[in-house]
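Architecture at a glance
Residues per chain are reported as follows:
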Amino acid sequence: MIKTAKDCRKIFQDLKSKRSNWETKYQSISDYQLARSDFQSTNRNQSPRDSKIFDGTAMDSWFMLTNAIQAILINTESNWIYFDSVLTTELSEEEIAWFDLASKTLQNIFRSDASRFPTQINEALGDLTAYGYCAIHSSFDIVNNSLSFNTRPIPEIYIDQNHKGVINKIIRRFLLKNEDAIKIYGKDCPDIVKKANDSGKGSEEMHWLQTFTDHPDISGKIISYTLLEEDNGDFVFKDEYDEMPIHVARWRTDAGEVYGRGPGVVADPFARTLNEVVKTWIKQAQKAVDPPLLVADDGVIQGPKTTPGSINFVTSYSPGTQEPIRPLVSGANFSVGNAEIERLQNSIRKAYHHDILQITDSKELTAFHVQELTQRAQQWIAPVFQRIKVELIQPLVQRALKLSIRNGLIPSPPESLMAKGVKTVYISPAQRANQAQEAEGTMRAVERIIALSQVYPSILDNYDSDKLARTIHADFSADPSVLKTIKEVRIIREENAKAQQESEQKEKMSELENTMLSSPQGQAEAAGVLSDL
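What comes next is a walk through the structure. What you see is a predicted model; the values in this text were computed from it and never measured. (Residues numbered from 1 in each chain as written. Predicted model: local features only at pLDDT ≥ 70, side-chain atom pairs only at ≥ 80, totals over all residues. Heavy atoms only, no water.)

Some remarks on the overall build of the protein
When helices and strands are tallied, the protein shows 16 helices and 12 strands. Looking at the protein residue by residue over its 533 residues, the buried ones come to 40%. A total of about 30,300 Å² of accessible surface is found on the protein, and carbon and sulfur atoms cover 51% of it. (Helix = DSSP H or I, 4+ residues; strand = E, 2+ residues; numbered from the N terminus. Buried < 20%, exposed > 50% of the residue type's maximum accessible area, 1.4 Å probe, protein only. Areas by Shrake-Rupley, 256 points an atom, 1.4 Å probe, with all protein chains shown as cover.)

Description of the packing of helix H7 (residues 263–289) against helix H8 (residues 334–351)
At a minimum axis distance of 9 Å, the contact between H7 and H8 shows a crossing angle of 155 degrees. When the axis of H7 is compared with that of H8, the two are roughly antiparallel. Between H7 and H8 lies a crossing whose hand is left-handed. Broken down by class, the residue content of the contact of H7 with H8 amounts to 16 nonpolar, 6 polar and 1 charged. (Axes fitted to C-alpha atoms, helices over the stretch in contact; angles between N-to-C directions. Parallel < 35°, antiparallel > 145°, perpendicular 65-115°, else oblique. Left-handed = near helix turned anticlockwise from the far one by under 90°. Nonpolar A, V, L, I, M, F, W, Y, C, P; charged D, E, K, R; others polar.)

Quick look at the packing of helix H1 (residues 5–34) against H7
Two elements in contact, H1 and H7, have axes whose closest approach is 9 Å; the angle formed by their N-to-C orientations is 50 degrees. Here H1 is positioned oblique relative to H7, judged by the angle of their axes. The crossing of H1 and H7 is left-handed. Taken together, the residues of H7 that come into contact with H1 (itself represented by Lys25, Ser28, Ile29, Tyr32 and Gln33) are Gly264, Val265, Ala267, Asp268, Ala271, Arg272, Asn275 and Glu276. Across the contact of H1 with H7, the residue classes break down as 5 nonpolar, 4 polar and 4 charged. (Contact = heavy atoms within 4.5 Å.)

With respect to the sheet that holds strand E9 (residues 246–250)
Taken in spatial order, the 3 strands make up an open sheet running E3-E2-E9, and their pairing is antiparallel. Where the open sheet ends on each side, the last strands, each with one partner, are strand E3 (146–151) and E9. Put simply, the sheet's adjacent strands are angled 25 degrees from each other on average, direction ignored. The sheet contact formed by strand E2 (residues 133–141) and E9 spans 5 bridges and is antiparallel. Paired with Cys134 across the two strands is Ala249, which belongs to E9. (Pairing = 2+ DSSP bridges.)

As for helix H4 (residues 117–131)
The end-to-end C-alpha separation of H4 is 21 Å, in line with the 21 Å expected for 15 residues at 1.5 Å each. If you check which residues of H4 are buried, you get Phe117, Gln120, Ile121, Ala124, Leu125, Gly126, Asp127, Leu128, Thr129, Ala130 and Tyr131. Immediately downstream of H4, the backbone of Gly132 shows phi near 110 degrees, a positive value. (Expected span 1.5 Å × (residues − 1).)

Focus: the environment of Lys3
By the element assignment, Lys3 lies in the segment before H1. Taking the C-alpha atoms as reference points, Lys3 and His215, separated by 212 residues in sequence, lie 9.8 Å from one another.

Points about the sheet that holds strand E6 (residues 205–214)
Spatial ordering of the open sheet is given by E4-E5-E6-E7-E8, a layout of 5 strands whose pairing is antiparallel. At either end of the open sheet lies a strand with only one pairing partner, and these are strand E4 (157–161) and strand E8 (237–241). Across this sheet, the average inter-strand angle for adjacent strands is 20 degrees, counted without regard to direction. Looking at chain direction, strand E7 (residues 222–228) and E8 are connected through 5 bridges and run antiparallel. Bridged to Ser224 within E8 is Asp239. Sheet contacts for helix H5 (residues 178–185): strand E5 (167–177), E6, E7 and E8; angle to E5, the most-contacted strand, approximately 120 degrees. Across the sheet, helix H6 (residues 191–198) is in contact with E6 and E7; its angle to E6 comes to roughly 150 degrees.

What about the pairing of E3?
Burial within E3 is extensive, with 5 of its 6 residues counted as buried. For E2 and E3, the ladder comprises 6 bridges, and the chain directions are antiparallel. Looking at the pairing, Ile136 lines up with Thr151 of E3. Following E2, the chain reverses through 4 residues before pairing antiparallel with E3; Asn145 in that reversal takes a positive phi of roughly 50 degrees.

Notes on the environment of Phe99
Relative to the helices and strands, Phe99 is located in helix H3 (residues 93–111). In this structure, the C-alpha to C-alpha distance between Phe99 and Pro413, residues 314 residues apart in sequence, is 8.4 Å. Contacts of Phe99, omitting those with residues within four sequence positions, involve Phe83, Asp84, Ser85, Leu91, Leu417 and Val422.

Side note on the nonpolar core
Leu73, Trp80, Leu106, Phe110, Ile170 and Val248 are the most contacted members of the largest nonpolar core, which totals 90 residues. The element that contributes the greatest number of residues to this core is helix H11 (residues 382–406), accounting for 10 residues. (Core = buried A, V, L, I, M, F, W, Y, C linked by side-chain atoms within 4.5 Å.)

Digging into the pattern of salt bridges
If you walk through the whole model with that rule in mind, you get 22 salt bridges. Of the charged contacts, one joins Glu95 and Lys420 as a salt bridge, the two residues approaching to 2.9 Å between their closest N and O atoms. Highlighted residues: Glu95 in helix H3 and Lys420 in helix H12 (residues 415–420), separated in sequence by 325 residues. Pair check on accessibility: Glu95 and Lys420 agree, each one buried. Among the salt bridges present, the one from Glu156 reaches Arg172, with a minimum N-O distance of 2.7 Å. Placement of the pair is Glu156 in the loop between E3 and E4 and Arg172 in strand E5, with a sequence separation of 16 residues. Overlapping salt bridges bring together Lys221, Asp242, Glu243, Arg399 and Arg406 as one network. (Salt bridge = Lys/Arg side-chain N within 4 Å of Asp/Glu carboxyl O.)

What about the packing of aromatic side chains?
Scanning the model with the defined rule gives 16 aromatic pairs in all. Aromatic side chains Tyr26 and Tyr131 sit 5.7 Å apart centroid to centroid with 90 degrees between the ring planes, which places their arrangement in the edge-to-face category. Placement of Tyr26 in helix H1 and of Tyr131 in helix H4 is noted, with a sequence separation of 105 residues between them. Tyr131 shares its class with Tyr26; the two are buried. Note on Phe212 and Tyr241: the rings are 6.1 Å apart at their centroids and 50 degrees apart in plane angle, and the pair reads as tilted. A residue pair is termed long-range when its members are at least 10 positions apart, and Phe212 in strand E6 and Tyr241 in strand E8 qualify at 29 residues. The rings of Trp22, Tyr26, Tyr131, Tyr133 and Tyr259 are connected pair by pair, giving a single aromatic cluster. One residue, Arg19, lies across the ring of Tyr158, its end atom 4.0 Å from the ring centre. Across from the ring centre of Phe174, 4.1 Å away, lies the NZ or CZ of Arg172, which sits over that ring. (Phe/Tyr/Trp six-rings, centres within 6.5 Å; stacked < 30°, edge-to-face > 60°. Lys NZ or Arg CZ within 6 Å of the ring centre and 35° of its normal.)

Laid out in structure tokens, this is it:
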């Protein structure tokens, strides 16, 4: 529990020590797969010519997997968010209207340029697939009057979890210019920052710490402290949140692990080896194309010239004798190198699940391709998708809804919903594909039952037609707002029954009139019908 600045610095050093074992692996992924300098400050100004990447298979595989995961889990162009009541009770028209308004408003926010959600979630998923964990911050932007999402670089995010494996402690270590710190925190800035700014070092940066933990006194609240790492002073800023503002997701973890393992971690040894093999292959290819020269001693005047079209003067040369200048043939076998390169490339693609998702080299995924790969992904890596949903998507959507209500983007829900509760119904393309399969199974079963009902009519008594219609509608992930409520259906059926009854009465009255115009016996029968009415 963080209560003092000393507690914060101590806990941070503990989390920093625990993550240090992973940083070497993460830096290797950055160096040999993504061409990024993330975890080592000495490489922050690294030149592109110092890159350790000689083959782009890992980067290309990472790029395609990231886009495929986004297409499978979060397609902002589709209607992927709905709301419903926690209690399975009949909803009023006011409640249905609020659910419809809330879902449409929130989906428009996620699609908007002001929120930057599509780009930021892509960056977050990129970190997730490469390193195994990611962090995205959500807040309300007063200037644009919209929600704002910002993926935080994972080198600045340190995490811990409780005994249930749920992340309950996040410490963010970030660099901030002295002049910016003065603007943000004003008079509360530490003296060391003020002195540095006054002495002309306003553009220099210092490390700051920002903590996010459960509130020690108020259940369900998150408390945040901000302080300067390079100082022994007290907290500079304190804030409270109703929800965790930073959402951290992990690809997968082993028992007892805090930080995740992504496909990039699995691909790391193959990527390192591949880059070294390709580097050696390039050197050998250069020697084959532009081989070293063997020059006879004192056979060439003023040394050999190797530029195109150059003329070399030799002392003497007779046909049939040893040439004064000749290439050095190494006799290298390129087929061995080619086979090893192909093996390593396939291993990297497999580490990034290309075999499971059947990802092609096409950067654009068609609707048919998305449907095919989502069905396959559901069978193999569904546990990973479920974890991303629980740790990232659901908390992010729930906080977005509450932020929108608190800032007037969405009206407050009706009081009747406060007792029933509001739950988020997240429908990803992957879930749509799975539910569509269930709907197809239901439809096939109904077709067989209808065929059997021609012989056994009573077999249809086993089915609830209304429930069947709503189940199929839900399994196809169709818009629930187009469905009439159970109450509306009941009213329509009562009106239809009443209309049918009135029609039958009119028919009987017509029969009565016709009967009265006939014989005396018919008049007696008409009197009997009239008495029945």
